[in-house]
Amino acid sequence: RDVQLLETVPKAAPQQINLGGNELTSLEIVNRFQQLKSLVACANALQVGCGLVLRLPKLTELDLASNRLVAIPPLGQLPQLQVLRLQRNQISRNWGELQTASQSLRELDVSQNRLAWQQPTGEFDAAMGVLSKLSRLKELRLGGNPISDTPALRYLVLTYTPKLSRLDGLPVTD
């Protein structure tokens, strides 16, 4: 629960860190590990804010599942991010932040959140626009969100993301 021990680890040492289940409210300390490729920080007390601004140029995998996130966290300083796991939070906004990872993101899990994307407000069209910009996205999990009840959601998502190979764990077929 005390991540101050990480200060004793040489900066170039870890490529993977698992901080899951520690009730952490900040990940600021991991920014010192510029070679870090995988960070698991699931089952903590993380919220979007200054303690969640990550500056890790080599990070390819980030797991923030089961935290207290209400929005997609800042991704702008994670240029190589390929796998993003945000399931089991309360995310309902800031979907546009995903565009900052549009050239690298391959796998995205936002299942079991509060994504509603209302049609009359334009949220749905905006969300689909963001998805269409994720040019390398191969796997997407949306199940367990209010949006999951939308008729023909699978067809609509596949229309905007034709390169997907898996949607909600199921293979995409022609």
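Thresholds, definitions, all that
Residues numbered from 1 in each chain as written. Predicted model: local features only at pLDDT ≥ 70, side-chain atom pairs only at ≥ 80, totals over all residues. Heavy atoms only, no water. Core = buried A, V, L, I, M, F, W, Y, C linked by side-chain atoms within 4.5 Å. Buried < 20%, exposed > 50% of the residue type's maximum accessible area, 1.4 Å probe, protein only. Helix = DSSP H or I, 4+ residues; strand = E, 2+ residues; numbered from the N terminus. Pairing = 2+ DSSP bridges. Arc of directions from axis to C-beta. Phe/Tyr/Trp six-rings, centres within 6.5 Å; stacked < 30°, edge-to-face > 60°.

Peer 1: Sorry if this is basic, but what is going on with the nonpolar core here?
Peer 2: Grouped burial of nonpolar side chains is what soluble globular proteins tend to show. L27, V30, L39, W95 and L98 are the most contacted members of the largest nonpolar core, which totals 49 residues. Elements supplying a minimum of two residues to this core: helix 1 (123–133) and helix 2 (153–160). Looking at this core element by element, the count peaks at five residues for helix 1.

Peer 1: How should the sheet that holds strand 7 (residues 166–167) be read in this particular structure?
Peer 2: Think of a sheet as strands paired side by side through backbone hydrogen bonds, with each pair either parallel or antiparallel. Taken in spatial order, the eight strands line up as 1-2-3-4-5-6-7-8 in an open sheet, and their pairing is mixed. Sheet topology places strand 1 (16–18) and strand 8 (170–171) at the edges, where each strand pairs with a single neighbour. Note: strand 2 (residues 38–40) against strand 3 (residues 61–63), three bridges, orientation parallel. What sits directly across from S38, in strand 3, is E61.

Peer 1: I keep staring at helix 1 and nothing clicks. Help me out?
Peer 2: It helps to recall that an α-helix has 3.6 residues per turn; residues three or four apart then point in one direction. The set of residues buried in helix 1 consists of F124, A127, M128, V130 and L131. When helix 1 is viewed along its axis, its buried side chains cluster within an angular range of 155° and face the same direction.

Peer 1: Would you mind showing me how to read the packing of aromatic side chains here?
Peer 2: Under the counting rule described, the total for this entry stands at two aromatic pairs. Between W95 and W117, the aromatic rings sit 4.9 Å apart at their centres with planes inclined by 65°, giving edge-to-face as the arrangement. One end of the pair, W95, is in the loop between strand 4 (83–85) and strand 5 (107–109); the other, W117, is in the loop between strand 5 and helix 1, with 22 residues separating them in the sequence. Assessed through its relative accessible area of 7%, W95 is described here as buried. Overall, W117 belongs to the buried group, its relative accessible area being 5%. An angle of 70° between the planes, with centres 6.5 Å apart, marks the rings of W117 and F124 as edge-to-face. The residues W117 and F124 share a single accessibility class, namely buried. Three or more aromatic residues link up through ring pairs in this structure, and these residues are W95, W117 and F124.

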